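# Structure at a glance
Residue strings, one per chain:
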Amino acid sequence: MHDGTLLAAVDLGSNSFRLEIGRFEHGLIRRVEYLKETVRQGSGLDGERNLTPEAMQRGWDCLARFAERLKGFPADRVRAVATQTLREARNRDAFLQQGSAILGHPIDVVSGPEEARLIYQGVAHLLPQSDERRLVVDIGGRSTELILGHAFCADAVASFRVGSVAWSTRYFADGAFTPESFRTAEIAAKAVLDEALNTYRPQTWDVAYGSSGTAGAVGDLLAAAGGPPGLITRDGLDWLQEQLLRARSADKVRLEGLKEDRRAVIGGGLSVLRAVFDLLEIRTMHVAQGALRQGVLYDLLDRELPADDVRSSTVRGLMERFQVDARHAGRVARTAALLHAQLQCGMQRGESEHADRELVWAAQLHEIGCIVSHGDHHHHGAYILDHTDAAGFSVSELHHLSLLVQGHRGKVRKLEANLDNPRLAHELACLRMAVALCHARRDPDLEGIVLAREGHRFVARARPGWAAAFPQSAHLLREEGMAWQRTSWEFAAELP
């Protein structure tokens, strides 16, 4: 990546939406612009976990304003990520479809562990390098992430469904602050976070850092009251709770440093932070400058080169974990990539490279389900990918891989609802043809093999005499025509 390149990250949090624009210079990303809007989608979930029309509209309106600033940014220089509220929302697809269209860039819903990994990257890149063992705590609107790490490596990540918006709505619904409401909120938070004790005990870290909204807000309040800048202490938390109790309600709190967008959620955030301090025996916590959005920017840098893309390392880990035949997986991946190169006419550079990587990962993982059962391994493999936590991947990226793995054998019509996406259809045709050509589990003879697209029709062609030399491979390619029947696509084998 060249110095001066602009990158942008959009963070769709439960309390606020944020846009961070940075310029890449000498290996670092320098902030150019930062926009934040309080959207409070986390309080817009109804009793059935659907986003209300009002909450969706607030989000879309914000994204429209962000879109104006992002106009002209290349697709591979922007990433938008959504967190706990959209992980929970049952009608998230409706929001995401229109939101992505408004923003002009796809919105990725990331899993809790992936959110934690990105948070750690954001924190670590804005800290001086050291050998310290770090505990990073990020209390968001509807989830809290805990990370253990050193340098740029996140060694343990976890996400818990407890946050400032959720706890304020549940335990301080009318804005009233009472000793009983704080006690109840802290006990409930500890009940959710209790399982963190095994992994995040005090002996496993040297320094604690607080990232994002709640830690930043509490740090500002304590500093404004005369405390050390950027430092949260247990005594400071006790003092802040006493101030809230004296005010009796959120709208009556008069504290220097309290921003208006934090007023409604300060009670819930403070109760969760106090629970974390108690459970993990934290004495002091430093307020970190980095957060999720900076982690997304640095992750964009890593995605620039395949060798640095954490997703490639994750795929290798999954192959080892599920005992995939690596030699055969590599054989299928190379064959699929060669075929895909023949179909990339008209694709933009960034789109083409992204599709290449997706196809290679799917090919490497196409037999991941064999550890469960060989007969239906494509279904088992798809299930594994849809339900695993995989560093670097968003929920939608994993689902895309699961569709390819599910569709690499059997009838294609089971994926008909997804085949309106030409990229998926292209990748699926290449993967299925590669699997057929590699059926003997040895390197196929690909001289003269061509895969072309003619409208909504894929055509496989071979040199004269190839079909006679490899009758089983030719038979499998001819059978592909039947496999694609009753879909919007056709497959034909023209094998002289």
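A short tour of the structure in this document, coming up. Predicted, not measured: the structure shown is a model, and the values here were computed from it.

For the chain, the helix and strand inventory stands at 19 helices and 14 strands. Scaling as 2.2 N^0.38, a compact globule of 496 residues should have a C-alpha radius of gyration of about 23 Å, and the chain matches this with 25 Å. With the C-alpha coordinates of the chain rotated into their principal frame, the extents come out at 90 × 45 × 45 Å. When each of the 496 residues of the chain is scored for burial, the buried share is 55%. Contacts spanning at least 24 positions in sequence make up 69% of the contacts within the chain whose residues lie at least 6 apart. Carbon and sulfur atoms provide 49% of the accessible area of the chain, an area that totals close to 21400 Å². Distance between charge centroids for the chain: 1 Å, based on 59 positive and 65 negative side chains.

With that settled, consider the side chain of His 408. Among the secondary structure elements, His 408 is positioned in the loop between α16 (395-407) and α17 (422-437). Judged by relative accessible area, His 408 falls into the buried class, the value being 5%. Here His 408 is in contact with His 366, His 377, His 378, Leu 428, Leu 431, Arg 432 and Val 435, once residues within four sequence places are set aside.

Attention shifts here to helix α11 (residues 292-304). In this model, α11 (13 residues) spans 19 Å end to end at C-alpha, consistent with the 18 Å of a helix rising 1.5 Å per residue. Where burial is concerned, most of α11 is hidden: eleven out of the 13 residues are buried. Taken together, the buried positions of α11 are occupied by Leu 292, Arg 293, Gln 294, Gly 295, Val 296, Leu 297, Tyr 298, Asp 299, Leu 300, Leu 301 and Arg 303.

Within the structure shown, the criterion is met by 43 salt bridges. Between Asp 443 and Arg 334 there is a salt bridge, with the nearest N and O atoms lying 3.6 Å from each other. Here Asp 443, found in the loop between α17 and β12 (450-454), pairs with Arg 334, found in helix α13 (residues 326-341); they are 109 residues apart in sequence, far enough to count as distant. We classify Asp 443 as exposed; its relative accessible area is 54%. Judged by its relative accessible area of 53%, Arg 334 falls in the exposed class. Close ionic contact of Arg 457 with Glu 454 constitutes a salt bridge, the shortest N to O distance being 3.3 Å.

Moving on, we come to the sheet that holds strand β5 (residues 107-109). In space, the five strands of this open sheet follow the order β3-β2-β1-β4-β5, with mixed pairing throughout. Each edge of the sheet is formed by a strand with only one pairing partner; in this case those strands are β3 (28-38) and β5. The average angle at which neighbouring strand axes cross in this sheet is 20 degrees, direction not considered. When strand β4 (residues 78-82) meets β5, the two strands line up parallel, connected through three bridges. Residue pairing across strands places Ala 80 opposite Ile 107, the latter belonging to β5. Along the sheet, α11 makes contact with β1 (6-12), β2 (16-25), β3 and β4, crossing β1 at roughly 135 degrees.

Take unusual backbone geometry next. In this structure, Arg 441 takes a positive phi of about 60 degrees despite not being glycine. Tracing the chain through its elements places Arg 441 in the loop between α17 and β12. Take Arg 441: its relative accessible area is 37%, and that puts it in the partly exposed class. With a phi close to 65 degrees, Arg 486 is a non-glycine residue in the positive phi region. Its place among the elements puts Arg 486 in the loop between α19 (471-483) and β14 (490-494).

Once that is clear, we can look at the packing of α17 against α19. In the contact formed by α17 and α19, the axes pass within 9 Å of each other and the chain directions differ by 150 degrees. As summarised for this structure, α17 and α19 are arranged roughly antiparallel, according to the angle between their axes. Considering the relative orientation of α17 and α19, their crossing is right-handed. The residues of α19 that touch α17, namely those facing Arg 432, Met 433, Ala 436 and Leu 437, are Ser 473, Leu 476, Leu 477, Glu 480 and Ala 483. Along the lines of polarity and charge, the residues of the contact of α17 with α19 split into six nonpolar, one polar and two charged.

The next subject is the layout of surface pockets. Taken as a whole, the largest pocket holds about 1600 Å³ of empty space. Forming the walls of the largest pocket are 41 residues, and the residues nearest its centre are Pro 106, Asp 108, His 354, Ser 396 and Arg 423. At the level of elements, β4, α3 (92-103), β5, α11, α14 (349-364), α16 and α17 are the ones that each hand at least two residues to the lining of the largest pocket. In terms of residue class, the lining of the largest pocket is built from twelve nonpolar, twelve polar and 17 charged. A volume near 530 Å³ is recorded for the second largest pocket. Contributions of two or more residues to the lining of the second largest pocket are made by β3, α7 (212-224), α9 (260-263) and α11. The dominant element in the lining of the second largest pocket, judged by the number of residues it contributes, is α7, at seven residues. Grouping the amino acids of the lining of the second largest pocket by side-chain chemistry returns nine nonpolar, nine polar and eight charged.

What follows concerns the sheet that holds β12. Spatial strand order, β12-β13-β14: three strands in an open sheet with mixed pairing. Looking along the sheet, the strands with just one partner apiece sit at the ends: β12 and β14. For this sheet, the mean inter-axis angle between neighbouring strands, taken without regard to orientation, is 20 degrees.

Once that is clear, we can look at the packing of aromatic side chains. Applying the stated rule across the entire model yields ten aromatic pairs. With 5.8 Å between their ring centres and 5 degrees between their planes, Trp 60 and Phe 95 make a pair best called stacked. Taken together, the residues span a long stretch of sequence, with Trp 60 in helix α1 (residues 53-70) and Phe 95 in helix α3 at a distance of 35 residues. By relative accessible area, which is 11% here, Trp 60 ends up buried. Overall, Phe 95 belongs to the buried group, its relative accessible area being 0%. Of the aromatic side chains, those joined through ring pairs into one cluster are Phe 458, Trp 484, Trp 489 and Phe 491.

What counts, and where the lines are drawn
- Residues numbered from 1 in each chain as written.
- Predicted model: local features only at pLDDT ≥ 70, side-chain atom pairs only at ≥ 80, totals over all residues.
- Heavy atoms only, no water.
- Helix = DSSP H or I, 4+ residues; strand = E, 2+ residues; numbered from the N terminus.
- Rg over C-alpha atoms; globule rule 2.2 N^0.38 Å.
- Buried < 20%, exposed > 50% of the residue type's maximum accessible area, 1.4 Å probe, protein only.
- Contact = heavy atoms within 4.5 Å.
- Areas by Shrake-Rupley, 256 points an atom, 1.4 Å probe, with all protein chains shown as cover.
- Lys, Arg positive; Asp, Glu negative; His and termini not counted.
- Charge placed at Lys NZ, Arg CZ, Asp CG, Glu CD.
- Expected span 1.5 Å × (residues − 1).
- Salt bridge = Lys/Arg side-chain N within 4 Å of Asp/Glu carboxyl O.
- Pairing = 2+ DSSP bridges.
- Axes fitted to C-alpha atoms, helices over the stretch in contact; angles between N-to-C directions.
- Parallel < 35°, antiparallel > 145°, perpendicular 65-115°, else oblique.
- Left-handed = near helix turned anticlockwise from the far one by under 90°.
- Nonpolar A, V, L, I, M, F, W, Y, C, P; charged D, E, K, R; others polar.
- 1 Å grid on protein atoms, 1.4 Å probe; cavity = no way out; pocket = protein on both sides within 12 Å on 5 of 7 lines; lining within 4 Å.
- Points joined across faces, edges and corners; volume = space filled by probe spheres on them.
- Phe/Tyr/Trp six-rings, centres within 6.5 Å; stacked < 30°, edge-to-face > 60°.

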